[in-house]
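Secondary and tertiary structure notes
Here's the letter readout for the chains.
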Amino acid sequence: METRIMEQNILNTIKTELINGYKEKQHPFRFFTLATFNGESLRQRTVVLRNILDDFTLLFYTDARTPKVTSIQNNSTVSALFYNPNSMIQLQLVGNARLIKDEEKLTALWNEIGEHSKKDYITQLAPGSSIKNPNHVSYNIDKHHFCAVEVIANTIEYLQLKRPNHLRILYKKDESNNWLGQFLTP
Ligand SMILES: Cc1cc2nc3c(=O)[nH]c(=O)nc-3n(C[C@H](O)[C@H](O)[C@H](O)COP(=O)(O)O)c2cc1C
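What comes next concerns the included structure. All of these numbers come straight from a predicted model, not from anything done at the bench. The numbering scheme is per chain: residues are counted from 1 as the chain's sequence reads. In view of the model being predicted, local features appear only for residues whose pLDDT reaches at least 70, and side-chain atom pairs are presented and counted only at 80 or more, with totals across whole chains, interfaces and linings using the full set of residues.

Observations regarding the overall build of the protein
Each helix and strand counted, the protein has three helices and nine strands in total. Taken along the three principal axes of its C-alpha coordinates, the protein extends 60 × 35 × 35 Å. Looking at the protein as a whole, 19% of its 186 residues qualify as buried. For the protein, restricting intrachain contacts to residue pairs at least 6 apart in sequence, the fraction spanning at least 24 positions comes to 56%. We count a stretch as a helix when DSSP gives it H or I for four or more residues in a row; a strand needs E for two or more, and each element gets its number in order from the N terminus. The burial label depends on the number of other C-beta atoms within 10 Å of a residue's C-beta. Counts of 20 or more mean buried, 12 or fewer mean exposed, and intermediate counts mean partly exposed, with C-beta atoms placed from the backbone. Whether two residues are in contact depends on their C-beta atoms, placed from the backbone: they are in contact if these lie within 7 Å.

In structure tokens form, the structure reads like this:
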């Protein structure tokens, strides 16, 4: 196959798999590792992929009081790592994170969240605060700290371990927002 077609086919597969990631509960791309750097220290954590737009913008939800939010406000450059152990595919996205500020959009997202899951955003104490007993967490009734964050991807690095040859491709967005892939030595 012509390499340009191959590279575009793989990009389409990446898109489909990320869509499956947020739509299918059991899909390994449902979760990704988000890395942030606040200027002093690095921190990584698992988050749930909530959506992906046409241009590979990712969406995740968090509590506005978490360190990742402060970190993103100081330095918007983040990395998102996905791994599928079944297909041995790794994706490393690097991009810029942005907190969604549009109140209407935020309310619409908040209203879609199940009642039980809303608990993640309504603790009285900020996430990470010390508590005496893990069964004694207090929740607010009428106040939440829901925060939705978009990650606008600038590069996507794809790696699949397979025989006879591993496959590694670096995709970058050009000035017209087209994704161009470059095969790399694995
Ligand atoms: C399976 C799994 C899914 C998680 N999903 C989220 C999520 O979608 N959003 C979130 O803020 N934290 C999520 N967490 C918790 C984070 O990994 C992290 O502990 C928390 O957000 C605090 O992060 P921070 O202190 O680095 O900001 C998840 C943890 C696990 C184990």
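What about the environment of Ile19?
Take Ile19: it is sitting in helix H1 (residues 3-23). Linking Ile19 and Leu106, residues 87 residues apart in sequence, is a C-alpha distance of 21 Å.

What to know about the site of the ligand
Residues are classed as near a molecule or strand if the C-beta position derived from their backbone is within 6 Å of it. In the vicinity of the ligand there are 14 residues, among which Arg45, Val48, Thr62, Thr66 and Lys68 approach most closely. Put simply, the parts of the chain that give the shell around the ligand at least two residues each are strand S2 (42-48), strand S4 (58-63) and helix H2 (67-74). The dominant element in the shell around the ligand, judged by the number of residues it contributes, is S2, at five residues. Residues are grouped as follows: nonpolar covers Ala, Val, Leu, Ile, Met, Phe, Trp, Tyr, Cys and Pro; charged covers Asp, Glu, Lys and Arg; every other residue, Gly included, is treated as polar. Grouping the constituent residues of the shell around the ligand by class yields seven nonpolar, four polar and three charged.

Here we look at the nonpolar core
Counting 27 residues, the largest nonpolar core has Leu58, Ala80, Leu91, Leu93, Val149, Val151 and Ile156 as the members making the most contacts within it. Looking at this core, the element that brings in the most residues is strand S7 (residues 146-160), giving seven residues. Not counting the four nearest positions on each side in its chain, Ile156 is found in contact with Ile14, Phe56, Leu91, Leu93 and Tyr171. Among buried residues, those of type Ala, Val, Leu, Ile, Met, Phe, Trp, Tyr and Cys that are joined through C-beta atoms within 7 Å form a set called a nonpolar core.

Quick look at the pairing of strand S9 (residues 179-184)
Pairing between strands is defined by DSSP: at least two bridges between the two strands are required. Inspection of the sheet shows strand S8 (residues 167-173) paired to S9 by six bridges, in the antiparallel sense. Its bridge partner being in S9, Leu170 is matched across the sheet by Gln182. Between S8 and the antiparallel strand that follows it, S9, lie five residues; Asn177 among them carries a positive phi value of about 65°.

Quick word on the environment of Tyr61
Along the chain, Tyr61 falls in strand S4. Residue classification places Tyr61 among the partly exposed positions, given that 19 C-beta atoms sit within 10 Å. Spatially, the C-alpha atom of Tyr61 lies 4.5 Å from that of Ala148, the residues being 87 residues apart in sequence. Ignoring sequence-local partners within four residues, the contact set of Tyr61 consists of Arg50, Phe146, Cys147 and Ala148.

A look at unusual backbone geometry
That bond from Arg163 to Pro164 is cis: its omega, 0°, falls within 30 degrees of zero. Take Pro164: it is sitting in the loop between S7 and S8. Its identity as a non-glycine residue notwithstanding, Phe56 has a phi of 70°, on the positive side. Residue Phe56 is classed as buried on the basis of its 23 C-beta neighbours within 10 Å.

Here we look at the environment of Asn75
Here Asn75 lies in the loop between H2 and strand S5 (77-84). Taking the number of C-beta atoms within 10 Å as the measure of exposure, Asn75 has 14 and is therefore partly exposed. Beyond its immediate sequence surroundings of up to four residues, Asn75 is in contact with Phe37, Asn38 and Gly39.

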